[in-house]
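# Per-entry structural report
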2 protein chains.
Amino acid sequence: MSNEQKYQEILVNDAKKVEAYLQEHVDRMYKSAPRQIVEAMEYSLMAGGKRIRPVMMLEAAKACGLDDESKISTFACALEMIHSSSLIHDDLPAMDNDDLRRGKPTNHKVFGEAMAILAGDALLNHASQITMEYVCEHCEEGFAKAAREIAFQTGIDGMIGGQTIDVLAEKTGLDIATVEMLTKIHSMKTCALLMAAVACGAYVAGKDEATVEKWRKYGLYLGLAFQIIDDILDVVGDEAVLGKPVGSDSDNQKATFITVLGLEGATAEARRYTEMAKNAAKELENADFFVWLAEYLCERSM
Amino acid sequence: MSNEQKYQEILVNDAKKVEAYLQEHVDRMYKSAPRQIVEAMEYSLMAGGKRIRPVMMLEAAKACGLDDESKISTFACALEMIHSSSLIHDDLPAMDNDDLRRGKPTNHKVFGEAMAILAGDALLNHASQITMEYVCEHCEEGFAKAAREIAFQTGIDGMIGGQTIDVLAEKTGLDIATVEMLTKIHSMKTCALLMAAVACGAYVAGKDEATVEKWRKYGLYLGLAFQIIDDILDVVGDEAVLGKPVGSDSDNQKATFITVLGLEGATAEARRYTEMAKNAAKELENADFFVWLAEYLCERSM
């Protein structure tokens, strides 16, 4: 088997494992909580997707020498619950007002706005609930640090903070957007959870702060490359391959890396961050998969 | 000084201490996070109120023998952040659509719906962030259990779960409401955070599960008495004293303990739970304040 095939298989197999771990959590929720809130949570949480954050967490932990996957699976599920929570709230009428997500009606279209707000809150909180349960049962330093990392990267200095600047930037309009501002927004909004993914893997495997920080760097560069490519695909992508309409950013008058750098400039910037991510991965042990992943995401057409 | 005066003073002084602890957290947020999200969080978090949950946590910890308040203040602040988060989201147009809260415009009226959704998310997440930071720095079993307690009581088996049933009950209308259903809703929606308050106090002071469970019982009975009295005051209260319009529940066609039990029946039910709360407190050590508190809340006119 070529390395390419091996890595592709890791992506597919890890995503399947994550689906199974998530389903276990959902099944446990149904045992005690009101059925209706669990249904709304399950609808969005189990709607598929690449599961790139939890997959990266599993692989980072493995690269850092963790051989017992049961020690990382709760953190991986928590991160995916937070990601899912943010998508539900982002899609709300008061935010992006989206009707479709991965080809399916968005949460509020199916369950109503009140339930969608509650389902987002519930997923965000459940992430902290399952990590705290795990930390209680296994009071190890690396686990507590992983839980703290997730909460930090989710919060006002991470994803939610970035989302705030994004909402405010949209209000003030396109014209004041700069590449520095977009980079700032996305290092919080997009990169924070990717940084949490690999940092948690390293923490749970018992790595020290210096090593964890190297992993975070990788997450940051990969996330920026990823976001710029997302912006590019919104302009030049193939609707059939992407599974969503292209041109939605410009329809929404949204500032993107394309509007501030042009197609050629944005492509060069994506390439630059991809190389930085690859170099960051090369400084880590056993991280060949992550070198490949950076290149793979840069070359993706979907 | 009479006991009455002493306990009244505890309520006032503890609330002041909580204000100061919360302000420290807000000041720290401004140092790194985007100013605008912190402003929206601060607006609701620092809008006053009785701070009954954190006050109960401080006093429960003291009753359980904790003499170093710095060990409990982070958890007290976290609980108040969660309470504040839930009020912001409850007031949203898709939920209760309230324009006023404690005499001030609600969060979304001032900052817009998008920011109010984010501010609620941010307060909910920040609660878990500060507790996780604390648990990381002081990896003790009681602290981890307190953090877990807060997340559990906030989530789908607690406050958010209760809020879900409440939203669904309002949709299906008054006619199917029963006293059992209202008790179920409020033991989750109203009581869960009160249970968390006293349980955290006991955990942080190092108490065992059996003792913590006795404290939770107190929180449950107190919360039910509190909610029933809230329903009663909505009908017979004095607007000037309450600081909010009376009759809003019946205007909203909302099922309450009054609509299902009548005024006399509801008053008897409030009395019953108050006695249960007092008896629960009498089974606890050093809990005279909590015996008084149950009676005080039952007799309150605001």
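Here we summarise the structure given alongside this text. What you see is a predicted model; the values in this text were computed from it and never measured. (Residues numbered from 1 in each chain as written. Chains lettered and ligands numbered in written order. Predicted model: local features only at pLDDT ≥ 70, side-chain atom pairs only at ≥ 80, totals over all residues. Heavy atoms only, no water.)

## Examining the overall build of chain A
Along its length, chain A carries 15 helices and 2 strands. Computed over C-alpha atoms, the radius of gyration of chain A comes to 19 Å, within 12% of the 19 Å expected from 2.2 N^0.38 for 302 residues, which places it in the range of a compact globule. Along the first, second and third principal axes, the C-alpha atoms of chain A reach 50 × 45 × 35 Å. Buried positions account for 58% of the 302 residues belonging to chain A. (Helix = DSSP H or I, 4+ residues; strand = E, 2+ residues; numbered from the N terminus. Rg over C-alpha atoms; globule rule 2.2 N^0.38 Å. Buried < 20%, exposed > 50% of the residue type's maximum accessible area, 1.4 Å probe, protein only.)

## With respect to the side chain of Lys278(B)
Mapped onto the secondary structure, Lys278(B) falls in helix H14 (residues 257-282). In contact with Lys278(B), other than residues within four places in its own chain, are Arg271(B), Val291(B), Ala294(B) and Glu295(B). (Contact = heavy atoms within 4.5 Å.)

## A closer look at the interface of chain B and chain A
Facing the 49 residues of chain B at the interface are 49 residues of chain A. Across the interface of chain B and chain A, roughly 4200 Å² is buried in total on both sides, 77% from carbon and sulfur atoms. Viewed at the interface, chain A and chain B are joined by 0 salt bridges. On the surface where chain B and chain A come into contact, there are 8 residue pairs in polar contact (both at pLDDT 80 or more). Of all the elements in the fold, those that place two or more residues in the side of chain B that touches chain A are helix H1 (3-32), helix H2 (35-45), helix H6 (113-137), helix H7 (141-154) and helix H8 (159-172) of chain B. Sort the elements by how many residues they give to the side of chain B that touches chain A and H6(B) lands first, with 16 residues. Split into classes, the residues belonging to the side of chain B that touches chain A amount to 30 nonpolar, 12 polar and 7 charged. (Buried area = accessible area lost by both parts, 1.4 Å probe. Salt bridge = Lys/Arg side-chain N within 4 Å of Asp/Glu carboxyl O. Polar contact = N/O pair within 3.5 Å; in protein donor to acceptor, adjacent residues only side chain to side chain. Nonpolar A, V, L, I, M, F, W, Y, C, P; charged D, E, K, R; others polar.)

## Observations regarding the relation of the copies chain B and chain A
Placing chain B over chain A gives an RMSD of 0.0 Å and needs a rotation angle of 180°, together with 0.0 Å of translation along the axis. Considering both components of the superposition, the chain copies are consistent with a two-fold axis. (Least-squares fit on C-alpha atoms with pLDDT ≥ 70 in both.)

## Remarks on helix H3 (residues 52-63) of chain B
Residue and element names in this part refer to chain B. Its 12 residues place the ends of H3 16 Å apart at the C-alpha level, agreeing with the 16 Å of an ideal helix rising 1.5 Å per residue. Every buried residue of H3 is listed here: Ile52, Arg53, Pro54, Val55, Met56, Met57, Leu58, Glu59, Ala60, Ala61 and Ala63. Those residues of H3 hidden inside the fold are in contact with H1, helix H4 (73-91), helix H10 (191-204), helix H11 (209-236) and helix H15 (288-299). Positioned one or two residues after H3, glycine 65 has a phi angle of 100°, which is positive. (Expected span 1.5 Å × (residues − 1).)

## Remarks on the side chain of Asn107(A)
Positionally, Asn107(A) belongs in helix H5 (residues 107-111). Setting aside its immediate chain neighbours within four residues, Asn107(A) contacts Ala40(A), Tyr43(A), Ser44(A), Ile88(A), Gly112(A), Ala116(A) and Ala119(A).

## Looking at the packing of helix H6 (residues 113-137) of chain A against H7(B)
Where H6(A) meets H7(B), the closest approach of the two axes is 8 Å, and the angle between their N-to-C directions is 150°. Here H6(A) is positioned roughly antiparallel relative to H7(B), judged by the angle of their axes. Regarding H6(A) and H7(B), the two cross each other, and that crossing is left-handed. Contacts between H6(A) and H7(B) involve Asn125(A), Ser128(A), Gln129(A), Met132(A), Glu133(A) and Cys136(A) from the first element and Ala144(B), Lys145(B), Ala147(B), Arg148(B), Ala151(B), Phe152(B) and Thr154(B) from the second. Looking at the contact of H6(A) with H7(B) residue by residue, the classes come out as 6 nonpolar, 4 polar and 3 charged. (Axes fitted to C-alpha atoms, helices over the stretch in contact; angles between N-to-C directions. Parallel < 35°, antiparallel > 145°, perpendicular 65-115°, else oblique. Left-handed = near helix turned anticlockwise from the far one by under 90°.)

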